[in-house]
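Chains, contacts and geometry: an overview
Chain by chain, the residues:
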Protein chains: 2
Amino acid sequence: MSEFGLIARLTARAGTRSDVALGIGDDAALLEVPAGEQLVACCDALNEGVHFLAGTEPADIGWKSLAVNLSDLAAMGARPAWALLSLSLPRADAGFVDGFMRGFSALADAAGIALVGGDTTSGPLSISVTALGFAPRGLALTRGGARPGDSVFVSGTLGDASAALERIRAGRAMEGAQARALAQRMRRPTPRLALGQALRGVASAAIDISDGLLADLGHIARASGVGIELDADALPASAALRAQCDRAERLRCQATGGDDYELVFTVPAERLEALRALAPQEAGGTPQTAADPARFPASQEQGDRGAASLDLGDLRWTRIGRVVAGEGVRVLDACGAPIRFARAGWEHFSGGAA
Amino acid sequence: MSEFGLIARLTARAGTRSDVALGIGDDAALLEVPAGEQLVACCDALNEGVHFLAGTEPADIGWKSLAVNLSDLAAMGARPAWALLSLSLPRADAGFVDGFMRGFSALADAAGIALVGGDTTSGPLSISVTALGFAPRGLALTRGGARPGDSVFVSGTLGDASAALERIRAGRAMEGAQARALAQRMRRPTPRLALGQALRGVASAAIDISDGLLADLGHIARASGVGIELDADALPASAALRAQCDRAERLRCQATGGDDYELVFTVPAERLEALRALAPQEAGGTPQTAADPARFPASQEQGDRGAASLDLGDLRWTRIGRVVAGEGVRVLDACGAPIRFARAGWEHFSGGAA
């Protein structure tokens, strides 16, 4: 297959949006940013053996390469619009490209994002995605606004992806519904797009968990000039994680495992009521979504992805701690004593210890 | 060095612009696109052994990784604003990163572009840059507007970079002023930013030459539904190329060699006067620049780069042919007979033959 045949395969699944004046096929894309909005831009790369295991399904690589970027947009409270894809491949493998784009476009279509440009080159397998979106001017969420007295929340559950990775690396078979549920969280992370947008004007700070809860909350603590205390027993765990891990392993995966792609955010006391109004979780009520549900249609691949299905519109969270004066992030046991971990989370170029 | 030490080294040279509301250091950048402008976005990757030779100076890799993207913006008539950098490195090598950023930021500063985000990961050496800029709505240059009767022009001179590459690959020493001048064109291509902007409203189509003159003009021919005839004797050559190559090699490098990063563009007869007004080349007059020269200050590294110096504001071109009815791109000799080439230009995934 030629480079141009390869580009044709990518373009076929690029998607469309009315704000794309010129998409793939020229020297650059021409795009319309709405008045009153700031452009939100981020870029994350994935390498084999670092961000995904050798032998990972191409569709899962495609999904994840976009998901990690959409998760960054979610953490800013941005709504996604466009992506550019830089794909380096050892050879022009039509099967890989088709599989990759099947996963990439399943998430892109669900999130309403169009692929507007990129580059394919020969080289070692490496994927870099730039995601672009919008946020109303001055309303984007950042890492720097947490203040002592704020509550700390996290979306979804923690630790599934890293527990799956540990099991696969240890050569354990990932059989049974619980093990498969963990693996699904690793293979197909869910960017919390609706939640991020709903938190504008509510959260004082936010970040997505890519390197591990403690490592990423450390960024909020440093940027905000505060300390953070977490309650170990409050960290949310999936039924699968509870079934597969003992307490020590579970807590380690929840606090320091990477690849959760949940949002962790802080909310001042005076805005807790506004947070509750977003999605009443008690009393069995139907969760309200502040974001337009039409922006987050169910993926056509949903049936393929099992229980941990695409839920870009999910608006659930758990209170896990509080912002305090001082610095650093501590996890406290039921007696209020700090729990020590060997590492805070994943860091590149240092053997994984941060 | 840790990942965060590495990021600090990148951030130190990121540059600033007043339209960057939030730069490196959060989950994404927040950027202000001016009213009335379209966002122009492109993404190009560089891999060792494909886009640069093993052993290339890190500063040259940094320069070129940005230059190839700015060249795409130039071909759209866009003015550059921001860049995101995805850098995959086998190890956190401070010397490499400092050298890379010295070259990257020399060009970024000269072009007035700010580095606003990116990603550093461990993996095989691979660099992907996303460049973002603006063009007044509806005035960007594309590949699709060439019409029979238009004249075809190219900026600068052709073939230097590919002649240098052939010599280095053949193990020839690149000594003497002429050989060094060729190598300089390969190591430090000059994106024709001022020319691209000046051509808005003048050129009917434009593209930058990355894969080779014939290959890239082929994109204009296809997108515009026209044919193109070039005059072999009109293709501009540097004094260095004339000194180093015989006629056959020179013509092959000019017509099919990659990495020139000159602009090739078409102009309708009724706008030739407007083109001439941009930069009177005859009569010894001082070239006029339509773009604001303050946007293209001389690089602080200019002394380091020798004769083929940074000239982002250069507004010179040569008429090389015409647009005709039909399809394809042909090079004609002085008798009007077509000259055959073994290949049109560089293509990935096919051994270089397009």
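Everything below is about the structure printed above this text.
Here's what I pulled together on the structure shown here. (Residues numbered from 1 in each chain as written. Chains lettered and ligands numbered in written order. Predicted model: local features only at pLDDT ≥ 70, side-chain atom pairs only at ≥ 80, totals over all residues. Heavy atoms only, no water.)

1. A few points about the overall build of chain A
Scanning chain A for helices and strands turns up 11 helices and 13 strands. Evaluated residue by residue, chain A yields a buried proportion of 59% over its 354 residues. Taking all contacts inside chain A whose residues are at least 6 apart in sequence as the whole, residues at least 24 apart take part in 84%. Only carbon and sulfur atoms are counted for the fraction: they give 50% of the accessible area of chain A, which is about 12900 Å². (Helix = DSSP H or I, 4+ residues; strand = E, 2+ residues; numbered from the N terminus. Buried < 20%, exposed > 50% of the residue type's maximum accessible area, 1.4 Å probe, protein only. Contact = heavy atoms within 4.5 Å. Areas by Shrake-Rupley, 256 points an atom, 1.4 Å probe, with all protein chains shown as cover.)

2. Description of the environment of Ala 334 of chain A
Residue and element names in this part refer to chain A. Tracing the backbone shows Ala 334 in the loop between strand E12 (328-332) and strand E13 (338-339). The class for Ala 334 is exposed, based on a relative accessible area of 70%. Considering only alpha carbons, one finds Ala 334 and Ala 234, 100 residues apart in sequence, at a separation of 9.6 Å.

3. With respect to the environment of Arg 242 of chain B
All names here are of chain B. Mapped onto the secondary structure, Arg 242 falls in helix H8 (residues 239-244). Relative accessible area serves as the criterion here: at 45%, Arg 242 is assigned to the partly exposed category. The spatial distance from the C-alpha of Arg 242 to the C-alpha of Asp 160 is 9.6 Å, given a sequence separation of 82 residues. The contacts of Arg 242, once residues within four sequence positions are left out, are Ala 237 and Arg 250.

4. Points about the interface of chain A and chain B
Each partner contributes residues to the interface: chain A has 60 residues there, and chain B has 60 residues. When chain A packs against chain B, the two sides together hide about 4900 Å² of surface, and 57% of this comes from carbon and sulfur. A salt bridge links Arg 137 of chain B to Glu 32 of chain A; the nearest nitrogen and oxygen atoms lie 2.6 Å apart. If you look at where chain A meets chain B, you find 25 residue pairs in polar contact (both at pLDDT 80 or more). Here the residues of the side of chain A that touches chain B are counted per class, giving 30 nonpolar, 18 polar and 12 charged. (Buried area = accessible area lost by both parts, 1.4 Å probe. Salt bridge = Lys/Arg side-chain N within 4 Å of Asp/Glu carboxyl O. Polar contact = N/O pair within 3.5 Å; in protein donor to acceptor, adjacent residues only side chain to side chain. Nonpolar A, V, L, I, M, F, W, Y, C, P; charged D, E, K, R; others polar.)

5. Comments concerning the side chain of Arg 143 of chain B
Structurally, Arg 143 of chain B is set in the loop between strand E6 (126-136) and strand E7 (151-155). Here Gly 25 of chain A takes part through its backbone oxygen, which lies 3.3 Å from a polar atom of the side chain of Arg 143 of chain B. In this structure the side chain of Arg 143 of chain B is engaged in a polar contact, spanning 3.2 Å, whose partner is the side chain of Asp 27 of chain A. Dropping the residues within four chain positions of it, Arg 143 of chain B is found in contact with Gly 25, Asp 26 and Asp 27 of chain A together with Ala 205, Ala 206, Ile 207, His 219, Ile 220, Ala 223 and Ser 224 of chain B.

6. Re the sheet that holds strand E3 (residues 37-47) of chain B
Across the sheet, which stays open at both edges, the six strands sit in the order E1(A)-E2(A)-E3(B)-E6(B)-E4(B)-E5(B) with mixed pairing between neighbours. Either end of the sheet is taken by a strand with one partner, and the two such strands are strand E1 (20-22) of chain A together with strand E5 (114-122) of chain B. Sheet twist, expressed as the average angle between the axes of neighbouring strands with direction ignored, equals 20 degrees. Pairing analysis gives two bridges linking E1 of chain A to strand E2 (residues 29-31) of chain A, with the strands arranged antiparallel. Opposite Leu 22 of chain A, over in E2 of chain A, you have Leu 30 of chain A as the bridge partner. Lying on the sheet, helix H1 (residues 3-11) of chain B is in contact with strand E4 (79-89) and E5 of chain B; it crosses E5 of chain B at an angle near 155 degrees. Across the sheet, helix H2 (residues 58-75) of chain B touches E3, E4 and E6 of chain B, and the angle it forms with E3 of chain B is around 140 degrees. (Pairing = 2+ DSSP bridges. Axes fitted to C-alpha atoms, helices over the stretch in contact; angles between N-to-C directions.)

7. Things to note about the relation of the copies chain A and chain B
Its rotation angle being 180 degrees, the transformation that places chain A on chain B also includes 0.0 Å of axial translation and leaves an RMSD of 0.0 Å. Look at the turn and shift together and you get a two-fold axis relating the two. (Least-squares fit on C-alpha atoms with pLDDT ≥ 70 in both.)

8. Considering the pattern of salt bridges
All names here are of chain A. For the coordinates displayed, the defined rule picks out 42 salt bridges over all chains. We note a salt bridge from Arg 185 to Glu 262, for which the minimum N-O separation is 2.9 Å. Residue Arg 185 is found in helix H5 (residues 177-187), and its partner Glu 262 is found in the loop between helix H9 (247-256) and strand E10 (263-267); the two are separated by 77 residues along the sequence. For the pair Arg 185 and Glu 262, a shared accessibility class is recorded, and that class is buried.

9. A short note on the sheet that holds strand E5 (residues 114-122) of chain A
The six strands are arranged E5(A)-E4(A)-E6(A)-E3(A)-E2(B)-E1(B) in an open sheet whose pairing can be described as mixed. Only two strands of the sheet have a single neighbouring strand rather than two, namely E5 of chain A together with strand E1 (20-22) of chain B. Neighbour to neighbour, the strand axes of the sheet diverge by 20 degrees on average, direction disregarded. Packing of helix H2 (residues 58-75) of chain A onto the sheet brings it into contact with strand E3 (37-47), strand E4 (79-89) and strand E6 (126-136) of chain A, and relative to E3 of chain A it is tilted by some 140 degrees.

10. Observations concerning the packing of H2 of chain B against helix H3 (residues 94-111) of chain B
All names here are of chain B. It is at 6 Å that the axes of H2 and H3 come closest, and there the two elements cross at 35 degrees. Note on packing geometry: the crossing formed by H2 with H3 is right-handed. In this structure, H2 contributes Pro 58, Ala 59, Ile 61, Gly 62, Trp 63, Ser 65, Leu 66, Ala 67 and Leu 70 to the contact, and H3 contributes Phe 96, Gly 99, Phe 100, Arg 102, Gly 103, Phe 104, Ala 106, Leu 107, Ala 108 and Ala 111. Of the residues belonging to the contact of H2 with H3, the class tally is 14 nonpolar, four polar and one charged. (Left-handed = near helix turned anticlockwise from the far one by under 90°.)

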